[in-house]
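Understanding the architecture of this molecule
As a plain string of letters, each chain reads:
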Amino acid sequence: MIKVSDIACKRVALLMEDEGFDHTTDYVRVGVTSGGCSGLSYQLKFDREIGEDDKVFEDNGVRIAVDKKSFLYLVGTTLEYSGGLNGKGFYFNNPNASRTCGCGESFSL
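Residues numbered from 1 in each chain as written. Predicted model: local features only at pLDDT ≥ 70, side-chain atom pairs only at ≥ 80, totals over all residues. Heavy atoms only, no water.

Named according to an unreviewed UniProt entry, the protein chain is Iron-sulfur cluster assembly protein originating from Myroides marinus.

Within the largest apolar cluster, 22 residues are counted, with the highest numbers of intra-cluster contacts made by V28, V30, V62, I64, V66 and L74. When contributions to this core are tallied by element, the ones reaching two or more residues are α1 (6-18), β2 (27-34), β3 (40-47), β5 (62-67), α2 (68-74) and β6 (78-82). Tallying contributions element by element places α1 first for this core, with four residues. Contact partners of V66, with chain neighbours within four places excluded, come to I2, R29, V30, D53, D54, K55, F57, F71 and L74. (Core = buried A, V, L, I, M, F, W, Y, C linked by side-chain atoms within 4.5 Å. Buried < 20%, exposed > 50% of the residue type's maximum accessible area, 1.4 Å probe, protein only. Helix = DSSP H or I, 4+ residues; strand = E, 2+ residues; numbered from the N terminus. Contact = heavy atoms within 4.5 Å.)

Glancing now at the side chain of R29. Tracing the backbone shows R29 in strand β2. Residue classification places R29 among the buried residues on the basis of a relative accessible area of 14%. Here E49 takes part through its backbone oxygen, which lies 3.2 Å from a polar atom of the side chain of R29. Engagement of the side chain of R29 in a polar contact is seen with the side chain of D54, the distance being 2.7 Å. Excluding residues that lie within four positions of it along the chain, R29 makes contacts with Q43, L44, K45, D47, E49, I50, G51, D54, A65, V66 and D67. (Polar contact = N/O pair within 3.5 Å; in protein donor to acceptor, adjacent residues only side chain to side chain.)

With that out of the way, let us pick up the packing of aromatic side chains. For the structure shown, the criterion picks out four aromatic pairs. With a centroid separation of 4.3 Å and 20° between ring planes, the pair formed by Y42 and F92 is classed as stacked. Note that Y42 is positioned in strand β3 and F92 in strand β7 (residues 89-93), a separation of 50 residues in sequence. No difference in accessibility class separates Y42 from F92, as the two residues are buried. Here the guanidinium or amino end of R48 rests over the ring plane of F21, the centre of that ring lying 4.0 Å away. (Phe/Tyr/Trp six-rings, centres within 6.5 Å; stacked < 30°, edge-to-face > 60°. Lys NZ or Arg CZ within 6 Å of the ring centre and 35° of its normal.)

Structure, rendered in structure tokens:
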């Protein structure tokens, strides 16, 4: 399962609306690709459709789609949002990551 923090939930709803998506029917697609300073990079985008190999979750009113391969790296992860002085944006709190880069956009197991 992938969780969504309270503050990330609010930001997702606002951003989806700004980009023409409906947070009650559309999805936040999360994934993992090769690359980045630590070997694997996170992906985050909005989507209206799910694929037949996707796992779908709902947490805190946010519908999440993730492909099966990425799900193996993301089990137990929480999508967070920070609006602090050091930068604004979404980040992943991934208990499976043994190492992350300074920007938080990539990780390794």
